[in-house]
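Here's the letter readout for the chains.
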Amino acid sequence: MKWLELLTVAGTTLISAAVVVTLYSLGVRFTAIAADAQQPSPGIKRSVAYVCFGLCGAAVLFGLYLIIPYFTK
Amino acid sequence: MVALVIALALFFDFTNGFHDTANAMATPIATGAIKPRTAVALAAVLNLVGAFLSTEVAKTVSGGIIREGSGGVQITPEIIFAGLMGAVLWNMVTWLKGLPSSSSHALFGGLIGAAVVGAGFSSVNFESLLQKVILPAVFAPVIAGLAAYVCTRLAYALTARHDPETGSKLTQKRGGFRTGQIFTSSLVALAHGTNDAQKTMGIITLVLIAAGSQAPGSGPQLWVITACAMAIAIGTYAGGWRIIRTMGSGLTEVKPAQGFAAETSTASAILASSHLGFALSTTQVASGSVIGSGMGRRGTTVRWNMVGKIALGWLFTLPAAGIVGALTALLVKTGAVGVLIAAVAGSAAVLFMFFYSRKSDVGHQNAVEVEEAGQAVRFAKKKAMARARAKAKEQAKAETDAAANTPKENQR
């Protein structure tokens, strides 16, 4: 029985999904804060949001890189 | 016989496509992130692309569940034909019932049934069956559901906004998740294309090799790849709206942040499993994610009786497809007349189910009822939202009244 592989799959799934969701949620939150009235520095917060979205996109692209055999071979 | 098997294999690919549209596209359709028509078109294109991206053909159709070659059963076009017949019919039945179920498990079931008729129970490798079908079927929804649960909690916790002084809730502004859903669901659709079209390519290649028209050990020919990619894309575009309805609104109510979490979990589970060698079924992963995300959001209920129905469907997938496969194998054994009878009976059953489905039409316009209302309230202020909600309620009421007047449409 491949219990170890099962555990690896479960762990990887949990961690990768959590990372993507955390990054995207932070992006959403910073966008929301930046759009609030009376913000001392909306510019910085907006850029933080974009960094979060960017990192999230990078994570997804890495996933694509993994599933396309052309790159991994 | 070879032509017949290829035609049936392509049809299986088609049913596989429209069965699995829901996995990727049910949640974005339910939240109104993408319009239904656009969603299935996007999924179809990504499936097409995915099918071309990866041509890692499975060397054994059954993945070692049936003992092939010496000491077991010789996989002939006849056995593949019988197995495909079981899988196709089971796919049609589950589609009619709107149940998401794994196409690969249906194929395994059909092949097992055919092999048992061909060479007895000894031809089935039960240890491999347990390891490759039964345990993944139990763990896939659990793993994906757990990930989706955690992610939904995370997404809501990270975006919950309270006024620091009064502690009252601010506008949450979670609309951004809708945009994110487009990308995550696309990823799921692409992953599906890279996985599922390969199965049919493998089958057709195997049949061609068995018939002697292709050198053993060579990869799929270009026309096979193209045909399979087209079949799965057309199937996806046809859209299994009944299954989309089940996944999008039958299991739980889906909100954008929740849908995003569910799709991310689905995508990571599929990628992780196909990469680390513990194959999980796309359908089972996706269903688990939707259920998990429903449990993660406060104020939603998971419709457990629907979950039970789906689980029951999974339980029956293997034996039901197996029985059809076995019956077909028996017919095929009798010779050319038997093959003809099996082909005609199979087509008749498929046609019957198609026309039966026409009695209660489920299409892009009514697959998920909240969809129009969901788009109307996009980024609207609270007052407008309340107004839209009241309107939607009225509309829903009018619809149910209309449905009550025409009892034929009342059945779902």
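Quick notes on the rules
Residues numbered from 1 in each chain as written. Chains lettered and ligands numbered in written order. Predicted model: local features only at pLDDT ≥ 70, side-chain atom pairs only at ≥ 80, totals over all residues. Heavy atoms only, no water. Helix = DSSP H or I, 4+ residues; strand = E, 2+ residues; numbered from the N terminus. Buried < 20%, exposed > 50% of the residue type's maximum accessible area, 1.4 Å probe, protein only. Areas by Shrake-Rupley, 256 points an atom, 1.4 Å probe, with all protein chains shown as cover. Contact = heavy atoms within 4.5 Å. Buried area = accessible area lost by both parts, 1.4 Å probe. Salt bridge = Lys/Arg side-chain N within 4 Å of Asp/Glu carboxyl O. Polar contact = N/O pair within 3.5 Å; in protein donor to acceptor, adjacent residues only side chain to side chain. Nonpolar A, V, L, I, M, F, W, Y, C, P; charged D, E, K, R; others polar. Disulfide = S-S within 2.5 Å.

Engineer: Hey, could you go over the overall build of chain A for me, with residue numbers and the actual values?
Structural biologist: Scanning chain A for helices and strands turns up three helices and zero strands. From first element to last, N terminus to C terminus, chain A shows the α and β order α-α-α. Across the 73 residues in chain A, those meeting the buried criterion constitute 30%. Here chain A has roughly 4,200 Å² of accessible surface; of this, 74% comes from carbon and sulfur atoms.

Engineer: Can you tell me about the side chain of H19 of chain B, naming the residues and giving the values?
Structural biologist: Residues and elements named next belong to chain B. Note on placement: H19 falls in helix α1 (residues 2-31). Residue class for H19 comes out buried when judged on its relative accessible area of 1%. Excluding its chain neighbours within four sequence positions, the residues that come into contact with H19 are N91, T94, W95, L99, P100, S101, S103 and I243.

Engineer: So what about the interface of chain B and chain A? Which residues, and what values?
Structural biologist: Size of an interface: often given as the accessible area lost when the parts come together. Counting residues at the interface gives 41 residues for chain B, matched by 34 residues for chain A. Surface buried jointly by chain B and chain A totals about 3,300 Å² across both partners, of which 78% is contributed by carbon and sulfur atoms. Taken as a group, L158, R161 and F278 of chain B account for 17% of the area that chain B buries against chain A, more than any other trio of residues on that side. Connecting chain B to chain A are zero salt bridges. There are two residue pairs in polar contact (both at pLDDT 80 or more) connecting chain B and chain A. Among the secondary structure elements, those contributing two or more residues to the side of chain B that touches chain A are α5 (126-159), α6 (176-210) and α9 (256-276) of chain B. Counting residues per element, the side of chain B that touches chain A draws most heavily on α5 of chain B, at 13 residues. Residues belonging to the side of chain B that touches chain A are distributed by class as follows: 25 nonpolar, 12 polar and four charged.

Engineer: Any details on the state of the cysteines? Residues and values, ideally.
Structural biologist: For the structure shown, the criterion picks out zero disulfides over all chains. The thiol of C56 of chain A is not disulfide-bonded; the next cysteine sulfur, from C52 of chain A, is found 9.0 Å away.

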